[in-house]
Amino acid sequence: MIQIDELKFSNDGLIPAIVTDYATGKVLMLAYMNRESLQISMQKQLTCFWSRSRGELWLKGETSGNYQHIISIATDCDRDTLLVKVKADGPACHLGTESCFAYPLYEAEETEAFSFEALMQLIEGRKTQKKEGSYTTYLFEKGLDKILKKVGEESTEVIIAAKAQDKKETIYEISDLAYHIMVLMIESGITIDDIKKELASRHVIDKKIKQEKMT
């Protein structure tokens with residue numbers, strides 16, 4: 001186990017801390033710690049940083065309620081960077097997004113395989129960094145009522161397609177519904193991880209019920 005004295009703090013006494021979601025591995029934010037904030041983080045099991053702009057300790061979530069519960073802290077081979085895995089109570093970014101890294105700068109033509117997490121990040125970017133002509137930005141600008149109306153319309157389209165037993169059309173309409181549901185999730189501050197945890201809790205309950213029936 002590495003000791004704090006083995007870490008290489010900068011000349012101003014700081015060390016960068018990369019914060020990731022322990023379940024998904026998603027990078028949430030980058031902040032800085034000094035010896036005191038690192039010790040507080042380990043004692044409280046909550047992320048505590050040093051604010052370079054304010055020149056003071058900063059317990060994440062103390063004012064917003066978006067605490068980050070520490071699962072583990074590791075350092076790299078050079079001992080000059082920390083990797084902090086957390087279970088977050090809410091968005092990491094002060095702008096309300098799950099991650100501070102929601103603003104694409106460059107994407108290769110051959111991108112990674114599709115993932116719901118990547119799509120959510122793209123949709124988040126359309127809310128925080130509005131793009132002219134973007135349908136997603138349009139939905140966020142119109143607000144919750146418009147988003148809910150679209151969710152209702154797409155749900156109806158799914159029902160119609162499924163009732164007609166048209167598999168291709170049903171897949172198309174479910175995809176439309178899934179997209180609008182994700183827009184609603186972001187508007188409501190709900191993450192994919194929130195849904196995963198809820199479904200996982202139901203799965204555990206289902207297994208307990210089955211076990212009780214067998215006994």
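Data block above holds the structure.
These numbers were taken from a predicted model, which means no experiment stands behind them.

*Asks:* Tell me what's going on with the sheet that holds strand 2 (residues 27-33), and back it up with residues and numbers.
*Replies:* What the four strands build is an open sheet, ordered 2-1-6-5; its pairing is mixed. Because the sheet does not close on itself, it has two edges, and the strands there are strand 2 and strand 5 (68-75). Recorded for the sheet is a direction-independent mean angle of 25° between the axes of neighbouring strands. Across six bridges, the pairing between strand 1 (residues 15-21) and strand 2 is antiparallel. In the strand pairing of strand 2, Thr20 is matched with Val27.

*Asks:* Any chance you could break down unusual backbone geometry for me, citing the residues and the numbers?
*Replies:* If you check the backbone angles, Gln45 has positive phi at about 60° while not being a glycine. Along the chain, the position of Gln45 falls in the loop between helix 1 (35-44) and strand 3 (48-51). On the basis of relative accessibility, which here comes to 53%, the residue Gln45 falls in the exposed class. For Gln165, which is not glycine, the phi dihedral falls at a positive 55°. By the secondary structure assignment, Gln165 is in the loop between helix 4 (144-163) and helix 5 (167-187).

*Asks:* Just give me the short version of the packing of aromatic side chains, but keep the residues and values in it.
*Replies:* Counted by the stated rule, this structure contains three aromatic pairs. Site record: aromatic cluster; members linked through ring pairs are Tyr135, Tyr138 and Tyr179.

Calculation criteria
- Residues numbered from 1 in each chain as written.
- Predicted model: local features only at pLDDT ≥ 70, side-chain atom pairs only at ≥ 80, totals over all residues.
- Heavy atoms only, no water.
- Pairing = 2+ DSSP bridges.
- Helix = DSSP H or I, 4+ residues; strand = E, 2+ residues; numbered from the N terminus.
- Axes fitted to C-alpha atoms, helices over the stretch in contact; angles between N-to-C directions.
- Buried < 20%, exposed > 50% of the residue type's maximum accessible area, 1.4 Å probe, protein only.
- Phe/Tyr/Trp six-rings, centres within 6.5 Å; stacked < 30°, edge-to-face > 60°.

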